[in-house]
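# An overview of the molecular structure
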Amino acid sequence: MRILIGKVKDHMDSEVEISGWAQNIRVMSSVLFIELRDVSGTVQGVLLRKGNEELFNDLKTIPRETVMSIKGLAVKSQAKIGYEVQINHLDILNKAETPLPLGVVDRIDSDIETRLENRFLDLRRPEILSIFKIQSTISNAIRNYFVQKGFIEIHSPKIVAAATEGGTELFPVKYFERNAYLSQSPQLYKEIMMSAGFDKVFEVAPAFRAEEHNTPRHINEFTSLDMEMSFVDDNDVMDVLEEVIKTAFRSVADSNQRELEILGVSNPTIDYKFRRITYSEYVKMANEKGIDLKDGEDLSTLVLKTVGGGMNEFYFITRWPRALKPFYVQPHDEQYSRGFDLQFGELEITSGAQRVHSPEVLVNNLKAKGLNPESFAFYVNAFRYGMPPHAGWAIGLERLTMVLLNISNIRETTLFPRDRTRVTP
Ligand code: ATP
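Residues numbered from 1 in each chain as written. Predicted model: local features only at pLDDT ≥ 70, side-chain atom pairs only at ≥ 80, totals over all residues. Heavy atoms only, no water.

### Re the site of the ligand
- Within the structure, the ligand sits among 14 residues, and E211, H218, E348, I349 and S351 are positioned closest to it.
- Within the side chain of H218, a nitrogen or oxygen atom sits 2.6 Å from an oxygen atom of the ligand.
- The contact in question runs from an oxygen atom of the ligand to an N or O atom on the backbone of T350, over 3.3 Å.
- Burial of the ligand by the protein amounts to 83% of the accessible area it has alone, namely 580 Å².
- Among the elements that make up the shell around the ligand, the one with the highest residue count is strand 15 (residues 347-354) (four residues).
- For the shell around the ligand, the per-class residue count stands at five nonpolar, four polar and five charged. (Near = heavy atom within 4 Å. Polar contact = N/O pair within 3.5 Å; in protein donor to acceptor, adjacent residues only side chain to side chain. Areas by Shrake-Rupley, 256 points an atom, 1.4 Å probe, with all protein chains shown as cover. Helix = DSSP H or I, 4+ residues; strand = E, 2+ residues; numbered from the N terminus. Nonpolar A, V, L, I, M, F, W, Y, C, P; charged D, E, K, R; others polar.)

### Some remarks on the sheet that holds strand 10 (residues 200-208)
- If you walk across this open sheet you meet the eight strands as 6-10-11-16-15-14-13-12, and the pairing is mixed. Whereas interior strands pair on both sides, the edge strands pair on one side only; in this sheet they are strand 6 (152-153) and strand 12 (275-278).
- Strand direction decides the pairing type here: strand 14 (residues 339-344) and strand 15, joined by six bridges, are antiparallel. Looking across to strand 15, one finds that F344 is bridged to L347.
- This element, helix 6 (residues 234-255), spans strand 11 (221-230), strand 12, strand 13 (314-318), strand 14, strand 15 and strand 16 (390-396) of the sheet and lies at about 30° to strand 16.
- Across the sheet, helix 12 (residues 397-405) touches strand 11, strand 13, strand 14, strand 15 and strand 16, and the angle it forms with strand 15 is around 130°. (Pairing = 2+ DSSP bridges. Contact = heavy atoms within 4.5 Å. Axes fitted to C-alpha atoms, helices over the stretch in contact; angles between N-to-C directions.)

### Some thoughts on helix 11 (residues 377-384)
- Among all positions in helix 11, only Y379, V380, A382 and F383 are buried. Around the axis of helix 11, the buried residues are gathered within 150° of arc, so they sit on the same side.
- Looking at the packing, one finds that the buried side of helix 11 touches helix 5 (187-195), helix 10 (359-368) and strand 16. (Buried < 20%, exposed > 50% of the residue type's maximum accessible area, 1.4 Å probe, protein only. Arc of directions from axis to C-beta.)

### Examining a nonpolar patch on the surface
- Taken together, the side chains of I159, Y175 and F176 present a nonpolar region at the surface, about 330 Å² in accessible area.
- Its place among the elements puts I159 in strand 7 (residues 159-160).
- Relative accessible area serves as the criterion here: at 44%, I159 is assigned to the partly exposed category. (Patch = residues over 30% accessible without salt bridge, like charges linked within 9 Å, V, L, I, M, F, W, Y side chains within 5 Å. Salt bridge = Lys/Arg side-chain N within 4 Å of Asp/Glu carboxyl O.)

As structure tokens, then:
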């Protein structure tokens, strides 16, 4: 029975069967060493020429990254990891072609485009694999948190008729005789679920944004971790968000020591304070740093860099001006809203809000934003027959991974990024 290479150490002085990719083969006169890699690690297989002449000669010229299966004795040795496998039997399962379009073990730094072009090879590198093992821990921890707290997982449609925010960031889809769009957010649907009485819902799903510009923090398809709760306000869901992020980071610290080590990243800190700074205070902080910014203006990349760049922590920006937040955000007073963003330094990780629940306010807001309430009838109707007060938020999974691992380009935390110029692989 095949075991994972990472488990060989538990089978000393026993016969083991392992399978994987031969990432390096060193041939001496009477012995050869094969470095075999699978998802759990690498181990050295040793083959003596004596008694294995034919296999020895076959392996001498075998290309790197060939897939093979080995049976042999696991023994303590001088190898770097302290043990190796003495090969008794070896099957070549699939030969790799040469040359490799991208090295897997070579220490040559390839540029990101070449790496993405050959992503299947790039992903074989332990440090890249580690990013996605950690991302899996994050999304599982968050999902488990929601399930434990009694949230209902939903799957809202990704082909939609109306823009969530009436923005231009939409990908049109030909839907038979009509035009439709790829969903930029489950926002309207998760709110409808509050009217439907589901009380607490979450969804982990792709969101599509036709953003024209290439930036290190935007992709055109990202994974959105969304939640919505009834009978709560903005402060309540900020509390939940804080707990969710701490839970995710704790889970990575508990389950991914090896991956953090491979990536050279220290243990994720979980004692952040999650300060709540109002938008107006943030504007003052920008002014104190010499930036000419008026209350009511959007916080540009430059502002967020200048004020947030030095803040190596999570913090909320709360009470945004109504004019800067979408129509579904609940007003706080004439000027400000109950919308918030969660930032880490200069990077936005989450935006959320207490939402409008009154149908009159909703229709007025739509009109004020220049949107036609008729186009949103399916959504507005859900407000007319008993909509509870509600609030929620959305975390970008790739951005949260960036923060946890201190990675500056979102393409690194996306398996197969979609950006302005890339739709393959
Ligand atoms: P930004 O201001 O950074 O463009 P946004 O205000 O458009 O983000 P929201 O629409 O509020 O973002 O989406 C909620 C979360 O989804 C963001 O906080 C972010 O984590 C993530 N997100 C939004 N757009 C993108 C994108 N193009 N690529 C990756 N993640 C994104």
